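If you want the building blocks of each chain, they are given just below.
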Amino acid sequence: MVNHFQRGGSSCQSCKSDSSGASNSGGESSKESSRCSTPVLDADRSDRLRDKMRRRTESGDHWFSLEFFPPRTASGAVNLISRFDRMGSGGPLFIDITWHPAGDPGSDKETSSMMIASTAINYCGLETVLHLTCCNQTKDKIIGHLAKAKHLGLKNIMALRGDPVEAEWEEEEGGFNYAVDLVKCIRSDFDDYFDICVAGYPTGHPEAQSYDKDLRHLKEKVDAGADFVISQLFFRADTFLKFLDDCREIGITCPILPGIFPIQGYQSLRQLVKLSKLEVPLEIMEVIEPIKDNDAAIRNYGIHQAVEMCRVLLDSGKVPGLHFYTLNREVATIEVLRQLGLWTEDPRRPLPWAVSAHPKRKVEDVRPIFWASRPKSYIYRTQDWDEFPNGRWGNSSSPAFGELNDYYLFYLKSKSPKEALLQMWSEELVNEESVFEIFTCYITGQPNRSGHKVMCLPWNDESLAPETNLLKDELEKVNRRGVLTINSQPSINGKASTDPIVGWGPAGGYVFQKAYLEFFTSSENVNALLKVLKKYEPRVNYHIVNVHGHNLTNAPDFQPNAVTWGIFPGREIVQPTVVDPVSFMYWKDEAFTLWIEQWAKLYEDESPSRMIIKYIYDNYFLVNLVDNDFPLENCLWQVIDDMFELRDAPPEPFNDTTVAENP
């Protein structure tokens, strides 16, 4: 299924003071491999950002990138990660995260620049550029930040001088005073590991002695090792095009990206202009002043103005990509990109699960199916692995999954606040059937008894995947009767890899799936299920476990079972999803704990609602079923029907397969 304006203008790179390129390398790949959010199987995910830019430029494909700033609060961090996922779907080449000295930017705080950038690359799969400034930092501290960024998988740095803390710049003893010194430091201490971006100023830096001298400072930064340039914002296309021509004339040959700021509000524009020391052209102010109190009108004008300016830039043939200062907002930027034809939500998936952009995971192409709806959790629990499965899962008798005790981490929390969760999952539960109803509402999309749609569950923080529609009717039936599904997939026998619902991988291939169903259910149902399953062996593999670890399976020698695979031109068979009995025992701890951490804790201690969830946690079983005969019609629904029929029949004497009493 799988089941199922915050800180004003100072946040954008355009406001960073910087008073003071092009390294090329080979490698061929498709346009899709350059989308930061959608690498493909036949692309080398270790490709450098500068190489992606070069290939897109040579192919004539335009691209865009997005800038964000760290939020102030933990809830803001949760919201920003959700925005990464949404805006990442449009195919940015990269995003960048600004550096804020006042926010302890290099720390492990959830609101720090370092952690936001790390989350973007590791958990959202986005090519990410981390800003780094010289402001109030010694060389040793800067090197420490760079080493940490490298350890976290970050490969791109935007080197800036930074804004002075006081009115005037004060030299830091043992530090750097110019961005060019920071570039030299990065190249000296980290060789060619990082791709380096620097800032350019289309009208000259406010502190520069002249426009020409500022161009020379930019040339020095590129000569010192910078790979590309992002410009400060501007309001007229000809301003940037002249700057670009002037840069080329003095020998700056690396990519130079225009910084685009869609005007979104009167006050944010005034603050941004004040910080960046720019003047807004008279023709723009004449339009904005009469409508300064109408935010919608200003936003619509800002979209129009940005689209017209961007079209001139792209039509010039000199500008292959655009960089957007989003101010952590999405509506205006996405609308500009849609009108330019640059926003492309490609339904194709590189793999059936969400990929990470961390360099050490570039070969990873196999995962257990259990975390299909919680990919960030899987990445977190496997972050310390030295190697990742490639080609096949193998016989993992002891995979070292890290403990998941940190449910509070902002990238693992639900993006919905407590109030919204209570509306969806009920302010007050009456009995177990109340829980059945919530699961059913999630599947059907119908409002619950309080009139609220159930948009997520603890095991899936998103709406249902399109693949679920293939199973929706059957899922509704079983959830109503207490088979609480958290993961499922239909059987697929040779669908095109470009299929918009079940396809994945590069074009020209075919994908296959075994039917899979994973659910919580009562011990009474499990007693009946175990008897029913005898007549479905060996066609159906099962694994049944409770929170105490009492488990039953017919998996041969605890071997993994491939449940998704694909065949593609010029490649061996790819099997990216498996049911692994050993991993399932790690997953069950997380799956059961989500009942408590995400749901029960919404209610007061000892309240009836909390006790109902606690009863399910203590007494229900987690079950997975695999129908191995994928060319045939899915038999798992018949298995469940048989289970209900036997359960409702007159009771039989106790036997060895009965598990009604938990150990």
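- The name that an unreviewed UniProt entry assigns to the protein chain is Methylenetetrahydrofolate reductase (NADPH), with the source organism given as Parambassis ranga.
- Checking UniProt for the protein chain, the heading Cofactor (unreviewed entry) contains the comment "FAD".

**Focus: the overall build of the protein chain**
Move 1: Secondary structure summary: the protein chain contains 19 helices and 18 strands in total.
Move 2: Per-residue burial for the protein chain yields a buried fraction of 59% across its 663 residues.
Move 3: With the model as given, the accessible surface of the protein chain reaches about 26700 Å², and the carbon-plus-sulfur share is 47%.

**Quick word on the pairing of strand S13 (residues 515-521)**
Move 1: Among the 7 residues in S13, 7 count as buried, and that is most of the element.
Move 2: The alternating pattern of S13 places Ala515, Leu517, Phe519 and Thr521 on one face and Tyr516, Glu518 and Phe520 on the opposite face, and all of these are buried.
Move 3: When strand S10 (residues 484-489) meets S13, the two strands line up antiparallel, connected through 5 bridges. Bridging from a neighbouring strand, Ser488 pairs with Leu517 of S13.

**Looking at the packing of aromatic side chains**
Move 1: Counted under the stated rule, the structure contains 31 aromatic pairs.
Move 2: Summarising the aromatic geometry, the rings of Phe190 and Phe194 are spaced 5.5 Å apart at their centres and angled 65° between planes, so their arrangement reads as edge-to-face.
Move 3: By relative accessible area, Phe194 is classed as buried at 0%.
Move 4: For the pair Trp565 and Phe630, a centre-to-centre distance of 4.9 Å together with 85° between the ring planes defines the contact as edge-to-face. With Trp565 in strand S16 (residues 561-567) and Phe630 in the loop between strand S18 (621-627) and helix H19 (636-647), the pair connects residues that are 65 residues apart, well separated along the chain.
Move 5: Its end group placed over the ring of Tyr193, Lys150 keeps NZ or CZ at 4.8 Å from the ring centre.
Move 6: The lysine or arginine in question, Arg481, covers the ring of Phe644, its NZ or CZ lying 4.0 Å from the ring centre.

**A word on the packing of helix H10 (residues 295-315) against helix H11 (residues 331-340)**
Move 1: Packing of H10 against H11 leaves a shortest axis separation of 9 Å and a crossing angle of 40°. Considering the angle they form, H10 stands oblique to H11. In this structure, H10 crosses over H11, and the sense of that crossing is right-handed. Where H10 abuts H11, its residues Arg299, Ile303, Ala306, Val307, Cys310 and Arg311 lie against Val331, Ala332, Glu335, Val336, Gln339 and Leu340.
Move 2: Residues belonging to the contact of H10 with H11 are distributed by class as follows: 8 nonpolar, 1 polar and 3 charged.

**Some remarks on the nonpolar core**
Move 1: If you look at the biggest cluster of nonpolar residues, it comprises 84 residues, and the most contacted ones within it are Phe84, Phe240, Ile260, Leu313, Leu322 and Phe324.
Move 2: Per-element accounting of this core gives the leading share, 7 residues, to H10.
Move 3: There are two domains that each give this core at least three residues, and those are domain 1 (49-165 + 172-263 + 300-340) and domain 2 (367-648).
Move 4: Setting aside residues no more than four positions away along its own chain, Phe324 makes contact with Phe64, Ser65, Leu66, Glu67, Ile260, Pro262, Cys310, Thr333, Val336 and Leu337.
Move 5: Membership of the second largest hydrophobic core comes to 79 residues, among which are Cys441, Tyr516, Leu517 and Ile612.

**Here we look at helix H1 (residues 49-59)**
Every α-helix carries 3.6 residues per turn, so stepping three or four residues along brings you back to the same face.
Move 1: A large share of H1 lies buried, amounting to 8 of its 11 residues.
Move 2: Every buried residue of H1 is listed here: Leu49, Arg50, Asp51, Lys52, Met53, Arg54, Arg55 and Arg56.
Move 3: One or two steps after H1, the chain reaches Gly60, where phi turns positive at roughly 85°.

**Comments concerning the confidence of the model for the protein chain**
Move 1: A residue-level look at the protein chain finds 89% of positions with pLDDT of 70 or above and a mean pLDDT of 88.
Move 2: Below a pLDDT of 50 lies the segment residues 1-46, which in the model reaches 204 contacts outside its immediate sequence neighbourhood of four places, other chains included.

**Looking at H19**
Move 1: For H19, built from 12 residues, the straight-helix expectation of 16 Å at 1.5 Å per residue is met to within 8% by its first-to-last C-alpha distance of 16 Å.
Move 2: For H19, the full list of buried residues reads Leu636, Trp637, Val639, Ile640, Asp642, Met643 and Phe644.
Move 3: Of the surrounding elements, those touching the buried residues of H19 are helix H15 (472-480), S13, helix H16 (523-533), strand S14 (540-546) and S18.

**Here we look at the state of the cysteines**
Move 1: Applying the stated rule across the entire model yields 0 disulfides.
Move 2: In this structure Cys185 is not part of a disulfide, and its nearest cysteine sulfur, from Cys134, lies 9.0 Å away.
Move 3: Cysteine Cys247 shares no disulfide, and the gap to the nearest cysteine sulfur, in Cys254, comes to 8.2 Å.
Move 4: A residue is classified by how much of its surface remains accessible, and Cys247, at 0% relative accessible area, is buried.

**Brief notes about the environment of His550**
Move 1: By the element assignment, His550 lies in the loop between S14 and strand S15 (551-553).
Move 2: Residues His550 and Phe621 lie 71 residues apart in sequence; the distance between their C-alpha atoms is 9.2 Å.

**Description of the sheet that holds strand S1 (residues 63-68)**
Move 1: The strand order S1-S2-S3-S4-S5-S6-S7-S8 describes a closed barrel built from 8 strands, whose pairing is parallel. The average undirected angle you get between the axes of adjacent strands in this sheet is 30°.
Move 2: One ladder, built from 4 bridges, connects S1 with strand S2 (residues 94-97); its direction is parallel. Within S2, the position partnered with Glu67 by the bridge is Asp96.
Move 3: Each of strand S5 (195-200) and strand S6 (228-233) touches helix H6 (residues 211-223); the most contacted strand, S5, lies at about 180° to it.

**Digging into the pattern of salt bridges**
Move 1: Inspection of the entire model under this criterion finds 41 salt bridges.
Move 2: The partner of Arg48 in a salt bridge is Asp192, with the nearest N and O atoms 3.4 Å apart. Here Asp192 lies in the loop between helix H5 (179-190) and S5 and Arg48 lies in the segment before H1, a separation of 144 residues in the sequence.
Move 3: Its relative accessible area of 30% is what places Asp192 among the partly exposed residues.
Move 4: Where Glu364 meets Arg367, a salt bridge forms, and the shortest distance between an N and an O atom there is 3.0 Å.

**Notes on the environment of Glu437**
Move 1: For Glu437, the location among the structural elements is in helix H14 (residues 432-444).
Move 2: Judged by relative accessible area, Glu437 falls into the partly exposed class, the value being 21%.
Move 3: C-alpha of Glu437 to C-alpha of Arg480: the two residues are 43 residues apart in sequence and 6.4 Å apart in space.
Move 4: The residues touching Glu437, leaving out its near neighbours within four places in the chain, are Asn448 and Arg449.
Move 5: At a separation of 2.7 Å, a polar atom in the side chain of Glu437 contacts the side chain of Arg449.

Conventions used here
Residues numbered from 1 in each chain as written. Predicted model: local features only at pLDDT ≥ 70, side-chain atom pairs only at ≥ 80, totals over all residues. Heavy atoms only, no water. UniProt positions renumbered as here; feature names shortened; annotations may be inferred. Helix = DSSP H or I, 4+ residues; strand = E, 2+ residues; numbered from the N terminus. Buried < 20%, exposed > 50% of the residue type's maximum accessible area, 1.4 Å probe, protein only. Areas by Shrake-Rupley, 256 points an atom, 1.4 Å probe, with all protein chains shown as cover. Pairing = 2+ DSSP bridges. Phe/Tyr/Trp six-rings, centres within 6.5 Å; stacked < 30°, edge-to-face > 60°. Lys NZ or Arg CZ within 6 Å of the ring centre and 35° of its normal. Axes fitted to C-alpha atoms, helices over the stretch in contact; angles between N-to-C directions. Parallel < 35°, antiparallel > 145°, perpendicular 65-115°, else oblique. Left-handed = near helix turned anticlockwise from the far one by under 90°. Contact = heavy atoms within 4.5 Å. Nonpolar A, V, L, I, M, F, W, Y, C, P; charged D, E, K, R; others polar. Core = buried A, V, L, I, M, F, W, Y, C linked by side-chain atoms within 4.5 Å. Domains from an automatic or database assignment. pLDDT = per-residue confidence, 0-100. Expected span 1.5 Å × (residues − 1). Disulfide = S-S within 2.5 Å. Salt bridge = Lys/Arg side-chain N within 4 Å of Asp/Glu carboxyl O. Polar contact = N/O pair within 3.5 Å; in protein donor to acceptor, adjacent residues only side chain to side chain.

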